Amino acid sequence: MFDLLSSRSYLRKMSFVGYTSSPGDRSNITSLLSAALGIGENSPEVDQRLQHWKYWGPHPLIGVSRSHILKEQGAIVAHGGVWPIELCTPSGNFKAFHLIDWAAKRDSPGAGMQVLRQCCYGMAAMFSIGGTAMTKKILPAFGFKSYNHMSFLQRPLRPLQPALRESPADWKMPARVLRNLYRYLYPSRTLPQGWHVSRTELGQIPESLWPSASAGMAASQRSSQLISHVMSCPAIRSSACGLLSRGAYPAAAYFLLVQVGDQVRLADYGPTDLDEETSRILGLGAQALALSLFPDAIAMIAATSELPTLSGFLRSGFILNYEEPIRVLKLDPSLSSIDRFRLTLLDNDALYL
């Protein structure tokens, strides 16, 4: 296995110089991403406001630039973006990140590896979920290991529009429309008796509902400041926080909904370790609130790394789209006992992609 963090002698032979980037580097970073990843220069992913939010704007976890570049003879040859995560574990909190916008020029061998190493300075762990086929192929050689999975789900919010938009006009369209209509209607989004869901202000979410760690499991920590930062993402059209309650009892769960394009996304929820039945009711409540607050949204997306919640969401009408292993490079030995990670859409750029 290649040791990513002990390759100093190899890296010294290269003429690359590492920096944290500034807004003045934006056009060159965009050109590199466009050439290396096939992203069009007019793509929403490289929108100027979104890039400023991702890389250079204030962030509650990392206040400095979160964009790392390598230059060779003054030209940018590699880039890596840091999506900050604060891991809460039974032994304390640790700085981690999800790697985003990782790219290097093909004629600069070793540049991608070096910028990856540069992103790791001061971090306890690096995450990678999804990515290109090449990324998935090479990460194990750097020491990444697969842990539990992230499951990505979807349910239509309107009866016909998703099938009409996504399906080609061929002989199979009527069947797809009928399937989508069935998925829209069943199961009903009616909450069980005694349960109710309500919109709330971010500051009204009880801190007792924030995710927490347990033995062998690390959770991405939450705060009002972090969720407020996420809600300010330029790719998000609108957002809303919700609380799920039963009778006069304290709130059982919170959730965050955001609209990206014509989709509503269940960006975050808590607390940790919800049981299957409460997760089912949370899924129903989130859909009901989405229908009332986002009238032009046609579908809803959710993601979870917790198996009981996955089962509950499926029972609430969501359909499993795909699953991805949570790949982690542990950089701090204190994380050696962790074998599960509790993440949501809020923890990587799947939030807005």
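That block above? That's the structure.
Attention in this report is confined to the structure presented alongside it.

1. Some remarks on helix α2 (residues 26–37)
- Taking 1.5 Å as the rise per residue, α2 with 12 residues should run 16 Å; its terminal C-alpha atoms sit 16 Å apart, in good agreement.
- What α2 keeps buried is the set I29, T30, L32, L33 and S34.
- One or two residues past the end of α2 sits G38, with phi positive at roughly 75°.

2. Some points on the nonpolar core
- One finds F255, L257, V264, L266, L282 and M300 to be the most contacted residues of the largest nonpolar core, which totals 24 residues.
- If you list the elements that add at least two residues to this core, you get β9 (238–246), β10 (253–260), β11 (263–270), α9 (276–293), β12 (299–304) and α10 (307–315).
- Residues L50, V230, L243 and L351 belong to the second largest nonpolar core, which totals 23 residues.

3. Let's talk about the layout of surface pockets
- Quantified by volume, the largest pocket comes out at close to 1,100 Å³.
- In this structure, the largest pocket is lined by 41 residues; those nearest its centre are L37, W102, G131, T132 and T135.
- Of all the elements in the fold, those that place two or more residues in the lining of the largest pocket are α2, β4 (92–104), α4 (111–119), α5 (133–138), β6 (145–156), β11 and β13 (319–330).
- In terms of residue count, the dominant contributor to the lining of the largest pocket is β4 (7 residues).

4. Section: the packing of α9 against α10
- Their axes nearest at 7 Å, the elements α9 and α10 cross at an angle of 45°. When the axis of α9 is compared with that of α10, the two are oblique. Helix-helix and strand crossings are classified by hand; for α9 and α10 the assignment is right-handed. Residues E276, E277, S279, R280, L282 and G283 of α9 lie in contact with α10, whose contacting residues are P308, T309, S311, G312, F313 and R315.
- Tallied by class, residues from the contact of α9 with α10 come to 3 nonpolar, 5 polar and 4 charged.

5. Observations regarding the pattern of salt bridges
- Within the structure shown, the criterion is met by 10 salt bridges.
- Salt-bridge contacts for R315 lead to E276; the nearest nitrogen and oxygen are separated by 3.3 Å. Here the residue R315 occupies a position in helix α10, and E276 occupies one in helix α9, the gap between them amounting to 39 residues.
- With relative accessibility at 40%, the residue R315 sits in the partly exposed group.
- With a relative accessible area of 33%, E276 lands in the partly exposed category.
- Salt-bridge contacts for R342 lead to E306; the nearest nitrogen and oxygen are separated by 3.2 Å. Of this pair, R342 sits in strand β14 (residues 340–342) while E306 sits in the loop between β12 and α10, placing them 36 residues apart in sequence.
- On the accessibility criterion, R342 (1% relative accessible area) is buried.
- Since its relative accessible area comes to 8%, E306 is described here as buried.
- What emerges from the salt-bridge pattern is a single network uniting E276, E277, R280 and R315.

How each quantity is defined
- Residues numbered from 1 in each chain as written.
- Predicted model: local features only at pLDDT ≥ 70, side-chain atom pairs only at ≥ 80, totals over all residues.
- Heavy atoms only, no water.
- Helix = DSSP H or I, 4+ residues; strand = E, 2+ residues; numbered from the N terminus.
- Expected span 1.5 Å × (residues − 1).
- Buried < 20%, exposed > 50% of the residue type's maximum accessible area, 1.4 Å probe, protein only.
- Core = buried A, V, L, I, M, F, W, Y, C linked by side-chain atoms within 4.5 Å.
- 1 Å grid on protein atoms, 1.4 Å probe; cavity = no way out; pocket = protein on both sides within 12 Å on 5 of 7 lines; lining within 4 Å.
- Points joined across faces, edges and corners; volume = space filled by probe spheres on them.
- Axes fitted to C-alpha atoms, helices over the stretch in contact; angles between N-to-C directions.
- Parallel < 35°, antiparallel > 145°, perpendicular 65-115°, else oblique.
- Left-handed = near helix turned anticlockwise from the far one by under 90°.
- Contact = heavy atoms within 4.5 Å.
- Nonpolar A, V, L, I, M, F, W, Y, C, P; charged D, E, K, R; others polar.
- Salt bridge = Lys/Arg side-chain N within 4 Å of Asp/Glu carboxyl O.

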